[in-house]
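Structural description and commentary
Each chain is listed here by its residues.
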Amino acid sequence: MKKLLVLTILIIFSLPLFSSNDLFISDAFLSPSLLAGQEIDKPFSFSISTKSSIDGLAFLKNPTSLDKNSREVVRVLINQDIKFWKDNPSVISAFKEFDDTFPSFTGNDEFDKATIDTYLEQTFLSNAYGAKRRSFVLSSLAGTGVINSVTGPGMPTISLSFSGENFKNEFGYRWFFSLGFDGSNSLFSSSNSELILSTGVSLSYSTYLTNKLSYGIALTPRVLIRDSILNENILKGRLNGDFISLFSEDFRFGLVLGVNSGLTYHFSNDFSITIDLRNFPAAISYRKWSLTDIAAFNFNLQKDHQAYAPNVELATTGCWKNDKNKVAVTFSSEDVFKITYERIISDSLALDIAIKGSELSASILWDNYKFGIMSDFDRFALGAYFTASI
């Protein structure tokens, strides 16, 4: 009960103050050299975005849907030799936790391997074993790392963001804060979900070095609060209906100073090429604070040596535009490939389509509002986003 009270208080006080990531950051502040010669005045913007795989939604609605992965997990385990079982007692414990009849070693490797395979195929997959019990076993196996190759349900990604930006006479700023949940792509993988809160400001400078070459730099100091949520905890928490157990003992508090810089060469009024170095970590400092210490009002924060920082990204973008059309193609070390097409219909209405990695998105821009939908190619996932500016 104490853990629930502390967690509730922490989230309530954090909601209006912090922000998750740069999901809705202005493209100009990601590529500050594009700001040269522009004037921007958007005092306040609000954005919300969510995306989830269909199997993830099915798991949240009915956790025993996890059972559909049982046969693939059995196939992976049967392909292992007896040495694997002897070297991974945590895998055996995952089965024995819910069925103490799981075979024990006799010293005869060939016999032991055949006995385990028979158990997996005839006992574990039987109707008598039950879908819910198999789902619990899979949740325990997810914590061992041996079924990473099996594609489990993915968790939703949700972001709520507030920001504002201004640029004039070569200088500008952008403030932001939001709350985000970055769900794991597969609950059987080693990549965990995270609750992220952060706030910060981007201070930018951009100017023309020549009549065709512009340069820009943006410094972004930010405060981050992160809590990693283990996939095993999500699986068992949903199966047990106990979501308080999702959160780990340690919250990470970070101070990060990132730098975005770039050059844009304007071949003409219609065509340009931009090279950017993004998220360069000029300074990083992380501390961890456990829920136990928070409840005891103990402010002895310990240094976290596993500090998180956004991945450094090198990106090259070619952009062609005329009065009604705009096409941008980006190659980067993170997104690999992104292409965007925008069609301007009137002064207050535009349409755009974008492909970013495996994601396809389409949106409508109407005055100061943007509505969009998105889907993934590599797995059946759907999402939507909305942005409003004043």
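Residues numbered from 1 in each chain as written. Predicted model: local features only at pLDDT ≥ 70, side-chain atom pairs only at ≥ 80, totals over all residues. Heavy atoms only, no water.

Attention now goes to the overall build of the chain. Within the chain one finds ten helices and 15 strands. Relative to its 390 residues, the chain shows a buried fraction of 43%. Surface summary for the chain: the accessible area is close to 20000 Å², and the carbon and sulfur share equals 59%. (Helix = DSSP H or I, 4+ residues; strand = E, 2+ residues; numbered from the N terminus. Buried < 20%, exposed > 50% of the residue type's maximum accessible area, 1.4 Å probe, protein only. Areas by Shrake-Rupley, 256 points an atom, 1.4 Å probe, with all protein chains shown as cover.)

Side chains that are nonpolar tend, in soluble globular proteins, to be buried together. In this structure, L77, W85, F95, F124 and L141 are the most contacted members of the largest nonpolar core, which totals 34 residues. Where this core is concerned, the elements lending two or more residues are helix 4 (70–78), helix 5 (82–87), helix 6 (89–96), helix 7 (109–124), helix 8 (131–142) and helix 9 (231–240). If you look at the next biggest cluster of nonpolar residues, it comprises six residues, including L197, I225, F253 and W289. (Core = buried A, V, L, I, M, F, W, Y, C linked by side-chain atoms within 4.5 Å.)

Once that is clear, we can look at the environment of S363. Mapping S363 onto the fold places it in strand 13 (residues 359–366). Given a relative accessible area of 5%, S363 falls into the buried group. Along the chain, S363 and A350 lie 13 residues apart, while their C-alpha atoms are 8.6 Å from each other. Beyond its immediate chain neighbours, meaning those up to four positions away, S363 contacts A350, L351, D352, K370, F371, G372 and Y385. (Contact = heavy atoms within 4.5 Å.)

Quick look at the packing of helix 4 against helix 8 now. Two elements in contact, helix 4 and helix 8, have axes whose closest approach is 11 Å; the angle formed by their N-to-C orientations is 50°. By the angle class used here, helix 4 and helix 8 are oblique. As for the relative orientation of helix 4 and helix 8, their crossing is left-handed in sense. Between helix 4 and helix 8, the contacting residues are S70, V73 and L77 on the first element and R134, L138 and L141 on the second. A class-by-class count of the residues in the contact of helix 4 with helix 8 yields four nonpolar, one polar and one charged. (Axes fitted to C-alpha atoms, helices over the stretch in contact; angles between N-to-C directions. Parallel < 35°, antiparallel > 145°, perpendicular 65-115°, else oblique. Left-handed = near helix turned anticlockwise from the far one by under 90°. Nonpolar A, V, L, I, M, F, W, Y, C, P; charged D, E, K, R; others polar.)

Here the focus is the environment of Q38. Residue placement: Q38 occurs in the loop between helix 2 (27–30) and strand 1 (40–53). Judged by relative accessible area, which is 35%, Q38 ranks as partly exposed. As for Q38 and N169, which are separated by 131 residues in sequence, their C-alpha atoms are 8.1 Å apart. When sequence neighbours within four positions are dropped, the list of residues in contact with Q38 reads F167 and K168.

A few words now on the environment of L360. Relative to the helices and strands, L360 is located in strand 13. Under the relative-accessibility criterion, L360 is labelled partly exposed at 35%. Beyond its immediate sequence surroundings of up to four residues, L360 is in contact with I353, A354, I355, I373, M374, S375 and F377.

The next subject is the packing of helix 6 against helix 8. The N-to-C vectors of helix 6 and helix 8 enclose an angle of 160°; their axes lie 8 Å apart at closest approach. In this view, helix 6 runs roughly antiparallel relative to helix 8, as classed from their interaxial angle. The way helix 6 lies across helix 8 gives a crossing that is right-handed. Along its contact with helix 6, which presents V91, A94 and F95, the element helix 8 presents V137, S140 and L141. Looking at side-chain class alone, the contact of helix 6 with helix 8 contains five nonpolar, one polar and no charged residues.

Each regular strand displays side chains that alternate between the two surfaces of the sheet. Examined bridge by bridge, strand 2 (residues 157–168) and strand 3 (residues 171–182) share twelve bridges and lie antiparallel to one another. Residue pairing in the sheet places I158 in a bridge with F181 of strand 3. Between strand 2 and strand 3, which pair antiparallel one after the other, the connecting turn spans two residues, and N169 there sits at a positive phi close to 55°. (Pairing = 2+ DSSP bridges.)

For the rest of this paragraph, the subject is the pattern of salt bridges. One pass over the structure, following the stated rule, counts 13 salt bridges. Ionic pairing is found between D117 and K113, a salt bridge with its closest N-O pair at 2.7 Å. Taken together, the residues span about one helical turn, with D117 and K113 both in helix 7 at a distance of four residues. The buried category is assigned to D117, whose relative accessible area is 15%. Overall, K113 belongs to the buried group, its relative accessible area being 15%. (Salt bridge = Lys/Arg side-chain N within 4 Å of Asp/Glu carboxyl O.)

A few words on unusual backbone geometry. Although it is not a glycine, E170 adopts a positive phi angle of roughly 75°. Structurally, E170 can be placed in the loop between strand 2 and strand 3.

Take the side chain of E194 next. Relative to the elements of secondary structure, E194 occurs in strand 4 (residues 193–208). For E194, the side chain forms a polar contact with the side chain of R226, separated by 2.3 Å. Look past the residues within four positions of E194 in its chain and what remains in contact with it is G180, F181, D182, R226, D227 and S228. (Polar contact = N/O pair within 3.5 Å; in protein donor to acceptor, adjacent residues only side chain to side chain.)

As a further point, take the confidence of the model for the chain. Mean pLDDT over the chain: 84, with 87% of residues reaching 70 or higher. Considering each helix and strand of the chain separately, the mean pLDDT is smallest for helix 1 (residues 2–14), with a value of 35, and largest for helix 4, with 94. In this model residues 1–26 is a low-confidence stretch, pLDDT under 50, and it forms 58 contacts with partners more than four residues away in sequence or in other chains. (pLDDT = per-residue confidence, 0-100.)

What follows covers helix 3 (residues 54–61). For helix 3, the full list of buried residues reads D55, G56 and F59. Down the axis of helix 3, the sector holding all buried residues measures 105°, keeping them to one side. Summarising the contacts, the buried residues of helix 3 are in contact with strand 1 and helix 9. (Arc of directions from axis to C-beta.)

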